[in-house]
Amino acid sequence: MTTYEQALEQWRGSNPPRHYLSIADLNLETARVALSLAHAMKRATHSGQELFRFASPTALALIFEKPSLRTRVTLEVGLYQMGAHGVYLTQNDIQMGKREAVMDIARNLSRWVRGVIARVFLHSTLEELTRFSEVPVINALSEREHPCQALADLMTIQERKGDAPLKLAWVGDGNNVCHSFTMLAALLGHEVHIATPDGYAPNASVIEQARQLGSQSGGQVQLTHNPREAVADADAVYTDVWVSMGYETEREARMRQFQAFQVNEDLLRLAKPDAIVLHCLPARRGEEITDAVLDGAQSAVWDQAENRLHTQKALLALLLGD
Ligand code: CP
Ligand code: NVA
C-alpha cells in the first residue's frame, strides 16, 4: 500500500511539475505516482482515515469563469478533508481581465493562498496566471484541456481493468476532455481510437503531443470519422457533450453533424462484452448518450465522478505537500 511519504518521495524524484495546466506537465513516473496515491487515498477515505492533512492553515483560490458541479464540489470537499480551505470566486466576483488584469490577480492571490485552481474560457488565461503567480496554478478546465478529469478517467479504468494496455474509444467531439484523456491514456501505454465528425477532430498539436507522450510506454492514437471502427472490440467507450461550454452558438449545426456519434446500445454492442462506458458528466441524456447506456450495467460514470475527489486530493497533496 502506497503511503503519502513514499509517494511524495517518488514524485519529487521524477522531475515533477510546479503547475498543472496540461497532461504534458506529467511524465510516466509522475502520472503513475499520482494515480497510485489516489487509489490509496480512496481506500483510506472509505475507511474513515486521511493519508494527508496540511500541517498549517492552508487556503487555495478556486476561480470559476464557467459553471461546475463535480469540479467545484470535489475540490471543496477534498480540501476540507485535508484540512484546507477553498475560496470560491466566480467571474462575477473578480471579473478577470475586466475589473482587474489577470497578472494583478495572480500577484494578489499569491500573497494569500498556497495555490490557484482556475476554470477558464481561454487556456491563455491560465498561462498568464502561471507567469505571474508565485504559487502553483492548476487547470480546472479550459477550452484546450481538462487534466484533472483525465486523472479520474484513468483511475477508473485502472479500477475496472487493471494496468495492461487497452483499446480505448472516444466517440464525439474532439474537445478539451478528449485532449486530456487521449494524452494521459497514451502516456500510460493505451491505444486510443478517436471518432469525430469531419471538422471536429482533436487539435493536431495535441495529438502530436499525445503521440510523443505515448512513445514513453507504447501508447498510440488513431483518428477516424467512423464511430463503429473506433468502438470495435474496445475495452472502454468514452463520450462527452456535443456542445461544450462556450460553444453554445454552434448548437444547431453541431446537433446535425453529431447525430451518427451517439453512444447507444447498438454502438456499444460492437465493443468487448465487458467494455465499460465513461462520461465526464454532465450528460445530455438522449443526445450524445442514451439513458439505457448511461444507466446500464456497463456504465462506470458514477465511480468516475467519485474519483474526481480522490485524484484531485492526490494531486494537491503532491503539488503542495509539506
Ligand atoms: N466533469 C466535470 O468537470 O463536471 P463539472 O463541469 O460539473 O465540474
Ligand atoms: N467538454 C465539456 C466538459 C464539461 C465538464 C465542456 O467543456 O463543457
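Scroll up to find the structure this text is about.
Let us look at the structure shown here. Quantities reported herein were computed from a predicted structural model and do not represent experimental measurements.

Looking at the packing of helix α7 (residues 147-161) against helix α8 (residues 176-187)
Working step 1: Two numbers describe how α7 lies on α8: the axes approach to 8 Å, and their chain directions differ by 50°. Comparing the axis directions of α7 and α8 gives the class oblique. For the element pair α7 and α8, the recorded crossing hand is right-handed. Between α7 and α8, the residues in contact are Pro-147, Gln-149, Ala-150, Leu-151, Asp-153, Leu-154 and Ile-157 and Val-177, Ser-180, Phe-181, Leu-184 and Ala-185, respectively.
Working step 2: Residue composition of the contact of α7 with α8, by class: nine nonpolar, two polar and one charged.

Details of the site of ligand 1
Working step 1: Around ligand 1 sit Ser-68, Leu-69, Arg-70, Thr-71, Arg-119, His-146, Gln-149, Cys-280, Leu-281 and Arg-308, and those are all the residues in its vicinity.
Working step 2: In the model, an oxygen atom of ligand 1 is placed 2.8 Å from a nitrogen or oxygen of the Arg-119 side chain.
Working step 3: Between ligand 1 and Arg-308 there is a distance of 3.1 Å, counted from an oxygen atom to a side-chain nitrogen or oxygen.
Working step 4: Protein chains shield 96% of the accessible area of ligand 1, which is 250 Å² for the free molecule.
Working step 5: Classifying every residue of the shell around ligand 1 by side-chain character gives three nonpolar, four polar and three charged.

Focus: the sheet that holds strand β9 (residues 276-279)
Working step 1: The strand order across the open sheet built from five strands is β7-β6-β5-β8-β9, with neighbouring strands paired in parallel fashion. Strands at the two margins of the open sheet, each flanked by one partner only, are β7 (220-224) and β9. Taken over all neighbouring pairs, the strand axes of this sheet differ in orientation by 20° on average, direction set aside.
Working step 2: Where strand β6 (residues 191-195) lies against β7, five bridges are found, and the strand directions are parallel. Within β7, the position partnered with Ala-195 by the bridge is Thr-224.
Working step 3: The sheet strands contacting α8 are β5 (167-171), β6, β7 and β8 (236-239), and the helix crosses β6 at an angle near 160°.
Working step 4: Sheet strands in contact with helix α14 (residues 301-320) are β8 and β9, and its direction is about 50° off that of β9.

Conventions adopted
Residues numbered from 1 in each chain as written. Chains lettered and ligands numbered in written order. Predicted model: local features only at pLDDT ≥ 70, side-chain atom pairs only at ≥ 80, totals over all residues. Heavy atoms only, no water. Axes fitted to C-alpha atoms, helices over the stretch in contact; angles between N-to-C directions. Helix = DSSP H or I, 4+ residues; strand = E, 2+ residues; numbered from the N terminus. Parallel < 35°, antiparallel > 145°, perpendicular 65-115°, else oblique. Left-handed = near helix turned anticlockwise from the far one by under 90°. Contact = heavy atoms within 4.5 Å. Nonpolar A, V, L, I, M, F, W, Y, C, P; charged D, E, K, R; others polar. Near = heavy atom within 4 Å. Polar contact = N/O pair within 3.5 Å; in protein donor to acceptor, adjacent residues only side chain to side chain. Areas by Shrake-Rupley, 256 points an atom, 1.4 Å probe, with all protein chains shown as cover. Pairing = 2+ DSSP bridges.

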